[in-house]
There are 2 protein chains.
Amino acid sequence: MNIVLLSGGSGKRLWPLSNNIRSKQFIKIFKNADGEYESMLQRVYNQIKRVDSSSSVTIATSKNQVSAIRNQLGDNVTISVEPSRRDTFPAIALLTAYLHDVLGISEDDVVIVSPVDPCVEDEYFAVFKKLELLAKEADNNLVLMGIEPTYPSEKYGYIIPENKEQVSKVSMFKEKPSADAAAKYIAGGALWNGGVFAYKLKYVLNKIKEFVSYTDYYDLYDKYELLPKISFDYAVVEKEPKLKVLRFNGSWKDLGTWNTLTETMDSNIIGEAYLNDKCVNVHVVNELDLPVLCMGLNNVVVAASPDGILVSEKEQSSYIKQFVDKFDTPVMYAEKSWGEFKIIDVAKESLTIKITLNKGHKMNYHMHTKRDEVWTIIQGIGRTVVDGIEQHVKPGDVIVIEAGCKHTIFAETDLKIIEVQLGKEISVHDKEKFELEC
Amino acid sequence: MNIVLLSGGSGKRLWPLSNNIRSKQFIKIFKNADGEYESMLQRVYNQIKRVDSSSSVTIATSKNQVSAIRNQLGDNVTISVEPSRRDTFPAIALLTAYLHDVLGISEDDVVIVSPVDPCVEDEYFAVFKKLELLAKEADNNLVLMGIEPTYPSEKYGYIIPENKEQVSKVSMFKEKPSADAAAKYIAGGALWNGGVFAYKLKYVLNKIKEFVSYTDYYDLYDKYELLPKISFDYAVVEKEPKLKVLRFNGSWKDLGTWNTLTETMDSNIIGEAYLNDKCVNVHVVNELDLPVLCMGLNNVVVAASPDGILVSEKEQSSYIKQFVDKFDTPVMYAEKSWGEFKIIDVAKESLTIKITLNKGHKMNYHMHTKRDEVWTIIQGIGRTVVDGIEQHVKPGDVIVIEAGCKHTIFAETDLKIIEVQLGKEISVHDKEKFELEC
C-alpha cells in the first residue's frame, strides 16, 4: 500500500508540550510494548507497519517539521515538503506529483491519505486495504473512510451516505452541525469524516491540470504559489460524483485537547510527579528535570515543559489557544534531525543551550556573523571543524567560536554540549550554511 | 533597644520555595513601598528600624543561613551563629553571651527576643518598647508578649494570665489544646504565645551557670555540646515565678503554610503567570523563567522554583511536609553572601550553574580536587585569580580551571557566569579554601 500521512498543525492546543515547531504528533505520551514512550507519529507508523510491513509511508509536511520527523522515524519514511503553507488541495496535489514523479509510483496505483494523528487500534489501518481495493475499481474516483459516531459531536464534519450499507454513495456533507442536527444525521446513518481517503494517482494528477499546467513534480513545486488556496474537500471531494464511503465501526479518537489526550494516557503520570491520595482524575505530563507535587486536585491536568507550565481543569483546557497565542516566547526545546536542543538560560546578550547530538550525526557546517559561541563538551567524543581545522574532542574540552568562524561537530558517540551564545543580536536567522571542505 | 531575631527552620512546609538552606523567612513575597518584593526577614528588619531607628538587631541562626542573611540584609546586622543545632535554651544562652561578651552590652540591659518571621504591622514592634521597660523592673525576670487570639486555634501555645489586665502574672501554659479547650481558655483571657520575650542579660547569663561553668562567649561556644538539648520554655519560662505577660491586641499572623501565606499576598501572582476568568482564589508564586497558565482552578496554590513545582488545593497544602521529606533532590538555587547560584542543567558527570556575583563581591579563593570547571563570562567585568595569576575578564571570556587549581573571581560590576562543572564525583564538599596571596 502507498500511504501518505499529512503532518501539519502548530499544535498550540497542547501547549506547553506543543509549540510552533513541535506539533502534537511529536509529543511522546504513548507507552509501547517495550514500556518506552512514543509519539502519535511513531505509534501510527508502527501500527501501519504491523498491519502491512510492505506499506510504503510518505509524510507530507512543511519544512519546519522535517527535523522532528527524521529525529523520530529516521530514514524509514520519505518526506514530501511543501514550499509554503497553502491549503489541503495544493498539499495533496504536490504529494501526488511527488509519489508519481519522484518515487515512480504508477498513475494507476492507489494512494491512501490519512492525518498523522488519529488515536486508533490496528484494525483502523487494516481497513486501508479495503479502501485500496475499492479505489482500484474503475467506477470509483474517490473513496472516503467514514467513522461510525459514538456521540453527536458538534466539532466534526459528517458524511451523509445514501444508505447504511458498508459501502455507499455519498449524498452530502455537513460540517460541524449542532448537537441536535448531528443526532438526526446519525440516526439516518451519518458518519464522521476522519480525513482518510483513497484515489488512483491519475485522478488527482488530472485535477491539478484544471488549475495549473505543469510538466512534473519539480515544475509543480516551483509553481506552488499558483495553486489556489482551497481545501481538497471543497475543490475535489464535494464535487465528485464517483464518490463512495466505506463504513468503519472501530474505535477512533481525535486527540486535539488536553482533555481528550489525558483520556488515552496509560498512566496518570509521565515524567517525575507525585499525587497525594486526595487527587482525583489528575494527569501530569512533566518534561522538566524537577519534581511536580499535586495535592487535593480534582479533574486537573498539569503539563510542564521548557516552554511553560499549564495547570488546568480538564474541560477548561480546551480554551487554551487564545492565551497561548499571546505568549511571545521563543521555542525553548526542539528535536532536530541530528538530536535535540534545550535553552537552559536566557540572559541579556546571551543564551545558554544544552545540545544533544546523536551518534553518527553532525551539525551543518555553518557560521554566525553576530554572535560568538563557546562549546563545553560534557559527554561523549567527537570531532569539531572550525574554519577548516579539525580537532578531536572529549568531555571538558572547550571550543571558542568567534563570529565569522565556520564550524561544525561530528558525534562519534552520543555527544552532549553546553553552548553559550554571546552577542548583542542573537537570532536563529543569523546562520549561513557551507559545504564542508574536509 | 537590643533586639534578637531567631532565624531557624528548614522550611519544608513552603516547598519548593523553601529548602534545606532557604527557609521561609528568605522567600520574597511582600511588596514594599517601592513596589519591590522583599522577604519576611527584610520586612521585619525594616519594620524594626522604622519603629526605632536606633535599635540594634542581632540575628541568631545556624551556619547554613548566614549567606542568605548577608545577601538580604548586608552588614546592617550582627549575626550570632550556633556551632550546631540543639534546642532553644542553648541557642538563647549562646546569643545572650554573645550580646554581653562580643557586643559589650551591659548585663543590666534588656534584650527582646523574637522569631524572625511574624507577619505583623509596625505596632507590634512598638510594643517591644513596653516589654523593655517592664523587663527593666527589678521585680520582673522575664516578660512575655501575649497575642489576643482571633479564633480557637489548635496549632498554637496558650499563655493563661492571672487576670485580663494589660500586664498580668502568668498562671500557666497550655500547648496546642483542642479547639473546645482553646475556646474556654480564650473566654478566660488566654493569649497566644508568639515566642516574644524580654529579659535583663544577667538573668540568662546566671541561668547558663546552672548547667555549665564557662568564662565567656568563646568558652561557651566551645562547650556548646555540654548545654542540654531542651527548650527555653521548658528550661526557664515555665519555672520562673517573676514572670509577666503583656497583652497585645493587634494583628498577628503565622505564615507557616502555603494556605496562610497566600492570604497575606498583595496580589494573586508573583512572577510570570496568567489566570483565566474561571479561576477563583488561585495564587501563583513562580520563580522560574517560564510562564505558568492556570485555567478553571478553584482554591489552588501553584508554586514553582528550580527545586520543583507544587500544585495544591490550599487546605491540602498543609500536609506537604511528609512528601517533601522524601524528595532527595539537591538544592537547585541558593542565595550566597556574594550573590546567588542556580543549577540550570544536571547531567552524568557534569553540572551547569548560572552564577551571579554582586558588584564589589568575590568568591572565596578555593580549590576542588575532583572536578574541573569552565567559566564563561556572560555579563559584567571583573578579575579572576587562578593559581596566583590575575586576569581581567569580560563577556565572552572563558576560564578553564582544572582540578587542583586555586581560583576566585572579583566582580567589578555585577557579574554573570555560566559555570560547567565536570568530574566523576561532583560534590559540594569537594572544596578547600585558601588565603589569597595577591
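Structure: above.
(A) A look at the side chain of Thr61(B). All names here are of chain B. Here Thr61 shows up in strand S4 (residues 56–62). Its relative accessible area of 1% is what places Thr61 among the buried residues. Here the side chain of Thr61 touches Ser7 through a polar contact of 2.9 Å, landing on its backbone oxygen. Those residues in contact with Thr61 that sit more than four places away from it in its chain are Ser7, Val66, Ile69, Ile79, Ser80, Val81 and Glu82.

(B) Representation of the relation of the copies chain A and chain B within the structure. Here chain A sits on chain B after a turn of 180 degrees about the axis and a move of 0.0 Å along it, with an RMSD of 0.1 Å. In symmetry terms, the pair is related by a two-fold rotation axis. Closest approach to the rotation axis within chain A is made by the C-alpha atom of Ile344(A), at a distance of 3.0 Å. Of all interface residues in chain A, 100% are interface residues in chain B too; the two copies therefore contact each other through one and the same surface.

(C) Here's a closer look at the interface of chain A and chain B. On the side of chain B, 52 residues touch chain A, which itself brings 52 residues to the contact. Of the roughly 4000 Å² buried at the junction of chain A and chain B (both faces included), carbon and sulfur atoms supply 72%. For chain A, the biggest contributors to the area lost against chain B are Leu293(A), Met295(A) and Ile309(A); these three give 17% of the whole. Where chain A touches chain B, the interface holds 2 salt bridges.

(D) Summary view of the sheet that holds strand S29 (residues 415–422) of chain A. Residue and element names in this part refer to chain A. Ordered by their spatial adjacency, 6 strands build an open sheet running S20-S21-S22-S29-S24-S27, and the pairing between neighbours is antiparallel. A strand with exactly one partner marks an edge of an open sheet, and here the two such strands are strand S20 (333–336) and strand S27 (398–401). Each strand axis lies, on average, 20 degrees off the axis of its neighbour in the sheet, ignoring direction. Across 8 bridges, strand S21 (residues 339–347) lies against strand S22 (residues 350–357) in antiparallel orientation. Looking across to S22, one finds that Ala347 is bridged to Ser350.

(E) Geometry of the pattern of salt bridges. Residues and elements named next belong to chain A. Going through the model one piece at a time under the given rule, you end up with 42 salt bridges over all chains. Residues Asp117 and Lys24 are paired through a salt bridge, measuring 3.3 Å at the closest nitrogen-oxygen approach. Taken together, the residues Asp117 in the loop between strand S6 (110–115) and strand S7 (118–120) and Lys24 in the loop between strand S1 (2–7) and strand S2 (28–31) connect sequence positions 93 residues apart. Accessibility classification places Asp117 together with Lys24 in one group, the buried group. Linking Glu349 and Lys348 is a salt bridge whose minimum nitrogen-to-oxygen distance equals 3.8 Å. Each member of the salt-bridge network shares a partner with another, and the members are Lys12, Lys321 and Asp325.

(F) Fine view of the pairing of strand S9 (residues 157–161) of chain A. Residues and elements named next belong to chain A. In terms of burial, S9 is largely enclosed, as 5 of its 5 residues are buried. Because side chains alternate across S9, one face comprises the buried residues Gly157, Ile159 and Pro161, and the other comprises Tyr158 and Ile160, equally buried. Sheet topology places S9 next to strand S10 (residues 167–175); 5 bridges connect them, and they run antiparallel. Counted as the bridge partner of Gly157 is Glu175 from S10. Where S9 folds back on S10, the antiparallel hairpin that results is connected by 5 residues. As paired elements, S9 and strand S11 (residues 191–200) share 2 bridges and run antiparallel to each other. Along S11, the bridge assignment pairs Ile159 with Leu191.

Cut-off values and rules
Residues numbered from 1 in each chain as written. Chains lettered and ligands numbered in written order. Predicted model: local features only at pLDDT ≥ 70, side-chain atom pairs only at ≥ 80, totals over all residues. Heavy atoms only, no water. Helix = DSSP H or I, 4+ residues; strand = E, 2+ residues; numbered from the N terminus. Buried < 20%, exposed > 50% of the residue type's maximum accessible area, 1.4 Å probe, protein only. Polar contact = N/O pair within 3.5 Å; in protein donor to acceptor, adjacent residues only side chain to side chain. Contact = heavy atoms within 4.5 Å. Least-squares fit on C-alpha atoms with pLDDT ≥ 70 in both. Buried area = accessible area lost by both parts, 1.4 Å probe. Salt bridge = Lys/Arg side-chain N within 4 Å of Asp/Glu carboxyl O. Pairing = 2+ DSSP bridges. Axes fitted to C-alpha atoms, helices over the stretch in contact; angles between N-to-C directions.

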